[in-house]
Amino acid sequence: QVQLGESGGGLVQPGGSLRLSCAASGSIFSINAMAWYRQAPGKQRELVATITSGGATTYRDSVKGRFTISRDNAKNTVYLQMNSLKPEDTAVYYCKARIRTIIPNVIDDYWGQGTQVTVSS
């Protein structure tokens, strides 16, 4: 059994910052790629950022230069530092991790429960 616990969402003014955290727990052998997605009301879920096990990152164009994805492998945790936030960033943010479990020895994708980020004055 593997679970991803998210935290760090909240209400922030335009131009402000938030740091999201997502920690994996359970029967984990290793964690491969990790990612952050977001979904705004009435819109499809979209990929925000990814990070490989080796630390290579990608970002969607609208967040480049403002968001930073990172990971702490010792803590099985992925972070999303969000700076210069805009109202357009308002959404539910979800983390995802590709994980190999110990028992059974398989690889599956796991999703966090989502955390609300609201950017408003």
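Note that the structure is a prediction, hence the values are computed from the model and not measured.

Attention shifts here to the pattern of salt bridges. As enumerated under the stated definition, the model contains six salt bridges in all. Two residues, Asp89 and Arg38, come together in a salt bridge whose shortest N-O distance is 3.0 Å. One end of the pair, Asp89, is in the loop between strand S8 (77-82) and strand S9 (91-101); the other, Arg38, is in strand S4 (residues 28-39), and 51 residues separate them in sequence. Residue classification places Asp89 among the buried residues on the basis of a relative accessible area of 1%. For Arg38, a relative accessible area of 5% corresponds to the buried category. Arg60 is paired through a salt bridge with Glu46; the nearest N and O atoms lie 3.5 Å apart. Here Arg60, found in the loop between strand S6 (57-59) and strand S7 (67-72), pairs with Glu46, found in strand S5 (residues 46-51); they are 14 residues apart in sequence, far enough to count as distant. A residue is classified by how much of its surface remains accessible, and Arg60, at 29% relative accessible area, is partly exposed. Through salt bridges that share partners, Arg38, Glu46, Arg60, Arg66 and Asp89 make up one connected network.

With 30 residues, the main nonpolar core has Trp36, Leu80, Met82, Tyr93 and Ile99 as its most contacted residues. Of all elements in the fold, only strand S1 (2-7), strand S3 (18-26), S4, S5, S7, S8, S9 and strand S11 (115-119) reach the threshold of two or more residues within this core. The element best represented in this core is S9, accounting for five residues. Excluding residues that lie within four positions of it along the chain, Leu80 makes contacts with Leu18, Arg19, Leu20, Trp36, Val48, Ala49, Phe67, Thr68, Ile69 and Tyr93.

For the structure shown, the criterion picks out one disulfide. Put simply, Cys22 and Cys95 are joined by a disulfide, and their sulfur atoms are 1.9 Å apart. Taking the torsion about the S-S bond as the criterion, the Cys22 to Cys95 disulfide, at about 50°, is right-handed. Of the two residues, Cys22 sits in strand S3 while Cys95 sits in strand S9, which places them 73 residues apart along the sequence. Relative accessible area serves as the criterion here: at 1%, Cys22 is assigned to the buried category.

This part takes up the packing of aromatic side chains. Enumeration according to the criterion identifies one aromatic pair in this entry. Considering the side-chain rings of Tyr37 and Trp111, the 4.9 Å spacing of their centres and the 50° angle between planes classify their relative orientation as tilted. Placement of Tyr37 in strand S4 and of Trp111 in strand S10 (residues 107-111) is noted, with a sequence separation of 74 residues between them. For Trp111, a relative accessible area of 38% gives the class partly exposed. Across from the ring centre of Trp111, 5.0 Å away, lies the NZ or CZ of Arg45, which sits over that ring.

As a further point, take the environment of Thr50. Position of Thr50 relative to the elements: it lies in strand S5. By relative accessible area, which is 19% here, Thr50 ends up buried. A sequence separation of 42 residues divides Thr50 from Val92, and the C-alpha atoms of the two residues are 17 Å apart. The residues touching Thr50, leaving out its near neighbours within four places in the chain, are Met34, Ala35, Ala56, Thr57, Thr58 and Ile69. A polar side-chain atom of Thr50 sits 2.5 Å from a polar atom in the side chain of Thr58.

Cut-offs and rules
- Every chain is numbered on its own, with residues counted from 1 as its sequence reads.
- It should be noted that, the model being predicted, local features are given only for residues of pLDDT at least 70 and side-chain atom pairs only at 80 or more, the latter also being counted only at that level, while totals for whole chains, interfaces and linings use all residues.
- Hydrogens and water molecules were not included; the side-chain quantities draw on all heavy atoms of the structure.
- In what follows, salt bridge is the name for a side-chain nitrogen of Lys or Arg lying within 4 Å of a carboxyl oxygen of Asp or Glu.
- Here a helix means four or more residues in a row that DSSP labels H or I, a strand means two or more in a row labelled E, and each is numbered from the N terminus.
- Think of it in three bands: residues with accessible area under 20% of the maximum for their type are buried, residues over 50% are exposed, and the middle band is partly exposed, with areas taken using a 1.4 Å probe on protein chains only.
- Here, nonpolar core refers to any group of buried Ala, Val, Leu, Ile, Met, Phe, Trp, Tyr and Cys residues whose side-chain atoms link them within 4.5 Å.
- Whether two residues touch is decided by their heavy atoms; if any such pair falls within 4.5 Å, the residues are in contact.
- Put simply, a disulfide is two cysteine sulfurs that come within 2.5 Å.
- A pair of Phe, Tyr and Trp rings is counted when the ring centres sit within 6.5 Å of each other, with Trp represented by its six-membered ring. The angle between the planes then sorts it: under 30 degrees is stacked, over 60 is edge-to-face, the rest tilted.
- Throughout this description, the term charge over a ring refers to an Arg CZ or Lys NZ atom that lies within 6 Å of the ring centre and within 35 degrees of the ring normal.
- In protein, a polar contact requires one atom able to donate a hydrogen and another able to accept it; more generally it is a pair of N or O atoms within 3.5 Å, and residues adjacent in sequence count only if both atoms are side-chain atoms.

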